[in-house]
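The lines below spell out each chain.
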Amino acid sequence: MLGKKLSYQTNGSTVEFEFEHGTAYVTAVTDTIMNVFVPYQSKDHRSKAIEGDKRLPVTVDVSEEGGAVQIKTDKLTAKVYDDFLIDFYKKDGTLLCADFRGERKKKKKLSDEALATLESEGHVVSAEGEKEDPVMVVKQMSGDEKFYGLGDKTGVLNKRNYEYENWNSDLPQAHTDDFKALYKSIPFLITLKDAGVFGMFFDNTYRSHVNLGKENSACYYYSAENGNLDYYFISGEKMTDIVEGYTYLTGRTPLPQLWTLGHHQSRWGYMSADDIRRVAHKYRELQIPCDTIHFDIDYMDGYRVCLGCCSIWNEKGFGAPGAIIKEIAEDGFKVVCIIDPGVKLDPGYAKYDEGIANDYFAKTPEGEVYVNEVWPGEAVYPDFGKPDVRKWWAENQKFLVDLGVRGTWNDMNEPASFRGELPQDVVFTDEDQKTDHAAMHNVYGHLMSKATYEGLKEADGRRPFVITRACYAGTQKYSTVWTGDNQSLWAHLRMAVPQLCNLGMSGIAFAGTDVGGFGADCTPELMCRWVQVGAFSPLFRNHSSMGSTFQEPWQFDEETIRIYRKFVELRYQLLPYLYDLFRECELTGLPIMRPLVLHYENDPEVWNLNGEFLVGENLLAAPVLEQGETKKIVYLPEGVWYDYETKKPYQGRQYYMVDAPLDTCPMFVKEGGMIPTYELAQYVGEKPYDTLKMRMYPGNGTYLHYQDNGADFAYRDGAYNVYEFTHEGDKKEASVQMKKEGYTKYKNILFE
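The shown structure was predicted, so the numbers you read here are calculated from the model rather than taken from an experiment.

### Observations regarding the sheet that holds strand E16 (residues 208-211)
Line of reasoning, step 1. If you walk across this open sheet you meet the four strands as E10-E17-E16-E12, and the pairing is antiparallel. Either end of the sheet is taken by a strand with one partner, and the two such strands are strand E10 (135-140) and strand E12 (163-166). Looking at each pair of strands side by side, their axes are set apart by 10 degrees on average, direction ignored.

Pasting the structure below:
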């Protein structure tokens with residue numbers, strides 16, 4: 001506690017406070033965003049998520065009244081009291097969020113006797129009581145809060161009454177609702193209540209905890225084990241404003257190459273070029289569109305990080321370096337190769353020797369290179385917090401690019417290790433100063449992704465495709481993600497929807513799950529239902545583990561092949577719609593896959609809706625997520641909605657029981673909606689996309705369609721088109737106006 005307020009002074013948009021026990025700051029970043037900062041550890045923010053100065057010119061009025069210092073912009077007010085307690089108000093004076101003044105009801109520590117009894121029956125339990133971290137902010141609960149965001153956390157959409165931990169973790173067990181942490185740490189929380197909606201981004205990289213009413217129904221809190229209290233309060237009129245504000249701070253997903261939105265095939269267990277060749281040929285034989293095949297760890301010789309030289313390519317299994325890549329490229333396939341951070345401890349291996357010579361690896365407190373174990377055996381860890389290391393890593397991407405690799409898949413970058421977690425005191429670097437693993441753990445994958453992105457951009461010139469397992473807030477600027485090692489379980493299919501929706505609202509718009517599940521054995525029915533979710537997921541990749549059932553579609557029966565093909569074809573037809581959404585995301589931060597609450601926050605029916613989602617604002621998907629079901633209870637929000645295929649109308653704010661046999665995913669388009677589609681192709685680039693088809697639905701509407709070359713950065717110099725379509729009533733066509741012309745236009749625009 002900081003004690004009594006002694007004084008304050010204003011410096012531009014920042015108010016500096018002196019308390020009995022320390023200094024604190026409140027800064028108006030914009031008229032809707034304020035930063036709250038207590039320099040417990042350092043005087044500067046040292047943010048990894050926020051790059052550059054985000055402060056905009058803001059008129060700030062500071063006054064003192066009733067024991068509080070009031071900091072007011074045109075749209076947001078903060079009142080600061082003793083002990084640095086802060087309450088936030090809307091511009092009309094409505095209280096949005098207040099610090100908690102009561103007494104926490106903490107969880108009691110288990111007795112030794114109770115602990116022994118539980119352990120004797122095989123229960124895995126913690127003897128610890130509630131955390132009391134040195135960095136903490138406790139907020140008052142009004143009772144009507146709904147909580148969203150927090151990245152990839154397991155469980156349901158609304159996180160109310162749950163607790164979580166931000167500590168990137170590689171956990172091989174089947175992920176259940178009570179898992180507190182997974183691979184990503186994104187301490188961004190959206191709170192929806194009757195009084196309004198707001199977000200809080202807690203920018204602290206140390207292990208942190210979020211308790212959303214589980215400990216005490218009167219309050220919720222964020223706490224961290226070290227570092228500064230550094231959080232951003234983000235206000236707005238509606239939930240989409242909060243996502244836009246958060247991504248204004250942390251960055252937005254850049255427009256990807258078009259082929260990355262296609263269908264990806266992967267498996268840990270493609271052991272040779274022959275395996276890759278067979279997969280590629282089978283997809284083309286069955287006419288199931290596919291753009292990308294991922295190479296897992298077996299393409300490397302002894303699992304050495306495949307950077308910089310040909311000697312670490314597994315020539316015995318995969319032939320001459322790059323030969324299989326060039327071969328399948330002739331049939332339209334792009335290759336993404338996995339790269340792990342752990343560098344094999346192997347004197348004579350060029351990358352190890354370079355790292356040792358240049359002091360590129362993390363060290364023990366005694367100054368020795370730190371050694372743990374991962375896939376190649378004993379391995380050392382690049383110190384990605386050091387700019388020279390990121391530059392070295394980036395430059396070494398060129399080797400794979402020169403072989404024809406089109407993307408890099410960063411795995412095991414929590415960082416994972418086989419001989420126990422890296423100790424907290426392993427020495428890393430934070431740009432220009434030494435620090436430890438405790439501070440850098442949660443941003444290790446983030447910094448690796450940044451280095452990879454910059455290396456691919458320099459070596460290839462096209463928009464980089466990076467996929468990462470571990471990340472932190474802001475990683476969306478550099479990488480797409482997948483949700484890690486899920487399982488072929490119906491529970492994990494159900495979890496995919498809220499998990500991807502919360503990732504999207506947390507800024508990570510380009511995300512997907514392993515379609516069919518990574519571990520365990522997928523059934524034909526589960527695969528049919530999972531591809532119906534995957535077809536709408538921003539990242540659409542079928543991936544599975546060695547030892548599990550092979551789950552390429554032809555491993556199942558003819559019905560499964562037919563259904564799988566149907567939804568992959570739908571995906572390829574929807575490519576222009578998805579691409580439009582990625583362009584919108586680059587401009588606004590709004591995700592591609594969205595929970596209904598993001599656009600209908602005043603509708604109580606959608607606050608906890610886990611089984612359906614929006615793709616953009618106008619397309620609603622309601623996949624079957626339960627084994628054996630052939631009907632789906634669908635809730636449609638306000639307005640009139642039309643069946644995607646039949647165009648049958650449905651009045652909103654009602655539930656419907658709709659038929660959903662195994663080959664059907666219920667889909668609806670909002671009145672006045674327009675969905676652009678392309679002619680079917682087996683891969684992006686098979687033929688030019690010179691004809692656009694617009695699916696029209698009754699009602700009045702306007703739609704902006706974006707077009708560029710789908711590959712490089714020429715669009716940032718104006719090489720793109722924007723078409724505005726305007727539709728009225730039941731007309732079969734829409735008027736078209738060019739809002740921007742800087743690229744080759746379509747030869748044909750058709751309406752259906």
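Back to the write-up after that little detour.
### Concerning the packing of aromatic side chains
Line of reasoning, step 1. Applying the stated rule across the entire model yields 48 aromatic pairs.
Line of reasoning, step 2. Note on Phe202 and Tyr231: the rings are 5.6 Å apart at their centroids and 45 degrees apart in plane angle, and the pair reads as tilted. In this pair, Phe202 sits in strand E15 (residues 196-202) while Tyr231 sits in strand E18 (residues 229-236), placing the two residues 29 residues apart along the sequence. Of the two residues, Phe202 and Tyr231, neither departs from the other in class, the shared state being buried.

### Quick notes on the pairing of strand E44 (residues 701-707)
Line of reasoning, step 1. The element E44 is extensively covered by neighbouring structure, given that five of its seven residues are classed as buried.
Line of reasoning, step 2. Direction of pairing for E44 relative to strand E45 (residues 721-727): antiparallel, over a ladder of seven bridges. Across the sheet, the residue bridging to His705 is Tyr723, located in E45.

### Quick notes on helix H14 (residues 575-588)
Line of reasoning, step 1. When the terminal C-alpha atoms of H14 are compared, their 20 Å separation across 14 residues agrees well with the 20 Å that a helix rising 1.5 Å per residue should span.
Line of reasoning, step 2. Most of H14 is tucked away, with 12 of its 14 residues classed as buried.
Line of reasoning, step 3. Listed as buried for H14 are Leu575, Pro576, Tyr577, Leu578, Tyr579, Asp580, Leu581, Phe582, Arg583, Cys585, Glu586 and Thr588.

### Some remarks on the sheet that holds strand E7 (residues 76-80)
Line of reasoning, step 1. Here five strands make up an open sheet; going across it, the order is E5-E6-E7-E8-E9 and the pairing antiparallel. Two strands lie at the open edges of the sheet, namely strand E5 (61-65) and strand E9 (95-98), each paired on one side alone. Taking the axes of each pair of neighbouring strands and ignoring which way they run, one obtains an average angle of 20 degrees across the sheet.
Line of reasoning, step 2. Sheet topology note: the E5/strand E6 (residues 68-72) ladder contains five bridges and is antiparallel. Bridged to Ser63 within E6 is Gln70.

### Overview of the nonpolar core
Line of reasoning, step 1. With 188 residues, the main nonpolar core has Phe295, Tyr299, Trp393, Phe536 and Leu619 as its most contacted residues.
Line of reasoning, step 2. Once residues lying within four places of it in the same chain are set aside, the contact partners of Leu619 are Phe536, Leu574, Tyr577, Phe613, Leu614, Tyr644, Met667, Phe668, Val669 and Ile675.
Line of reasoning, step 3. In terms of nonpolar packing, the next biggest core, distinct from the first, is built from 37 residues, Val15, Ile71, Phe147 and Leu189 among them.

### Quick notes on unusual backbone geometry
Line of reasoning, step 1. A cis geometry characterises the amide bond from Glu414 onward to Pro415, with omega recorded as 5 degrees.
Line of reasoning, step 2. Structurally, Pro415 can be placed in the loop between strand E25 (407-410) and strand E26 (427-430).
Line of reasoning, step 3. Located in the positive-phi region is Arg46, a residue other than glycine, with phi close to 50 degrees.
Line of reasoning, step 4. In this fold, Arg46 is placed in the loop between strand E4 (33-38) and E5.
Line of reasoning, step 5. Under the relative-accessibility criterion, Arg46 is labelled partly exposed at 23%.
Line of reasoning, step 6. Here the phi dihedral of Glu431 falls at roughly 60 degrees; this positive angle occurs in a residue that is not glycine.
Line of reasoning, step 7. With respect to the helices and strands, Glu431 occurs in the loop between E26 and strand E27 (433-436).

### Overview of the side chain of Asp152
Line of reasoning, step 1. By the secondary structure assignment, Asp152 is in the loop between strand E11 (146-149) and E12.
Line of reasoning, step 2. On the basis of relative accessible area, Asp152 is assigned to the buried category, the value being 0%.
Line of reasoning, step 3. At 3.3 Å, the side chain of Asp152 forms a polar contact with the backbone nitrogen of Tyr183.
Line of reasoning, step 4. There is a polar contact of 3.4 Å between the side chain of Asp152 and the backbone nitrogen of Lys184.
Line of reasoning, step 5. Residues within four places of Asp152 in sequence aside, it is in contact with Leu182, Tyr183, Lys184, Gln499 and Leu503.

### Observations regarding the pattern of salt bridges
Close approach of charged atoms allows side chains of opposite charge to pair.
Line of reasoning, step 1. This model, assessed by the stated rule, comprises 53 salt bridges.
Line of reasoning, step 2. Lys450 is the salt-bridge partner of Glu51, the closest N and O atoms lying 3.6 Å from each other. Of this pair, Glu51 sits in the loop between E4 and E5 while Lys450 sits in helix H10 (residues 444-460), and the two are 399 residues apart along the sequence.
Line of reasoning, step 3. On the accessibility criterion, Glu51 (35% relative accessible area) is partly exposed.
Line of reasoning, step 4. A relative accessible area of 17% means that Lys450 is categorised as buried.
Line of reasoning, step 5. Each of Asp44, Arg46, Lys48, Asp430 and Asp432 takes part in one network of salt bridges that share partners.

### Concerning the packing of helix H12 (residues 524-534) against helix H13 (residues 558-573)
Line of reasoning, step 1. Two elements in contact, H12 and H13, have axes whose closest approach is 9 Å; the angle formed by their N-to-C orientations is 5 degrees. One finds that H12 runs roughly parallel with respect to H13. On the side of H12, the interface is formed by Pro524, Met527, Cys528, Val531, Gln532 and Gly534, while H13 contributes Thr560, Ile563, Tyr564, Phe567, Val568 and Arg571.
Line of reasoning, step 2. Across the contact of H12 with H13, the residue classes tally to eight nonpolar, three polar and one charged.

### Examining the packing of helix H11 (residues 490-505) against H12
Line of reasoning, step 1. Where H11 meets H12, the closest approach of the two axes is 11 Å, and the angle between their N-to-C directions is 5 degrees. Between H11 and H12, the angle is such that the two are roughly parallel. Contacts from Trp490, His492 and Leu493 of H11 reach H12 at Glu525, Leu526, Arg529, Trp530 and Val533.
Line of reasoning, step 2. Looking at side-chain class alone, the contact of H11 with H12 contains five nonpolar, one polar and two charged residues.

### Focus on the pairing of E45
Line of reasoning, step 1. Taken across its seven residues, E45 has six buried, putting it largely inside the fold.
Line of reasoning, step 2. Across five bridges, E45 lies against strand E46 (residues 735-740) in antiparallel orientation. From the neighbouring strand, Glu724 faces E46, where its bridge partner is Gln737.

### So, the environment of Ser544
Line of reasoning, step 1. Topologically, Ser544 is positioned in the loop between strand E33 (540-542) and H13.
Line of reasoning, step 2. The exposure class assigned to Ser544 is buried, which follows from its relative accessible area of 2%.
Line of reasoning, step 3. On a C-alpha basis, the gap between Ser544 and Asp485 in space is 8.8 Å, while along the polypeptide they are 59 residues apart.
Line of reasoning, step 4. Leaving out residues up to four positions away in the same chain, Ser544 has contacts with Ser266, Arg267, Trp268, Gly517, Phe518, Thr549 and Gln551.
Line of reasoning, step 5. Separated by 2.7 Å, the side chains of Ser544 and Arg267 make a polar contact.

### Some words on the environment of Met300
Line of reasoning, step 1. Residue placement: Met300 occurs in the loop between strand E20 (292-295) and helix H4 (315-318).
Line of reasoning, step 2. Given the relative accessible area of 4%, Met300 is considered buried.
Line of reasoning, step 3. Placed 96 residues apart in sequence, Met300 and Asn396 show a C-alpha to C-alpha distance of 15 Å.

### A word on the side chain of Asp291
Line of reasoning, step 1. With respect to the secondary-structure elements, Asp291 resides in the loop between helix H3 (273-286) and E20.
Line of reasoning, step 2. Reaching out from Asp291, the side chain makes a polar contact with the backbone nitrogen of Val684 at a distance of 3.0 Å.
Line of reasoning, step 3. Leave out the neighbours within four places in its chain, and Asp291 touches Trp259, Gly262, His263, Gly332, Phe333, Lys334, Tyr572, Tyr683 and Val684.

Quick notes on the rules
- Residues numbered from 1 in each chain as written.
- Predicted model: local features only at pLDDT ≥ 70, side-chain atom pairs only at ≥ 80, totals over all residues.
- Heavy atoms only, no water.
- Pairing = 2+ DSSP bridges.
- Helix = DSSP H or I, 4+ residues; strand = E, 2+ residues; numbered from the N terminus.
- Axes fitted to C-alpha atoms, helices over the stretch in contact; angles between N-to-C directions.
- Phe/Tyr/Trp six-rings, centres within 6.5 Å; stacked < 30°, edge-to-face > 60°.
- Buried < 20%, exposed > 50% of the residue type's maximum accessible area, 1.4 Å probe, protein only.
- Expected span 1.5 Å × (residues − 1).
- Core = buried A, V, L, I, M, F, W, Y, C linked by side-chain atoms within 4.5 Å.
- Contact = heavy atoms within 4.5 Å.
- Polar contact = N/O pair within 3.5 Å; in protein donor to acceptor, adjacent residues only side chain to side chain.
- Salt bridge = Lys/Arg side-chain N within 4 Å of Asp/Glu carboxyl O.
- Parallel < 35°, antiparallel > 145°, perpendicular 65-115°, else oblique.
- Nonpolar A, V, L, I, M, F, W, Y, C, P; charged D, E, K, R; others polar.

Everything listed is a geometric property; what it means functionally is a separate question.
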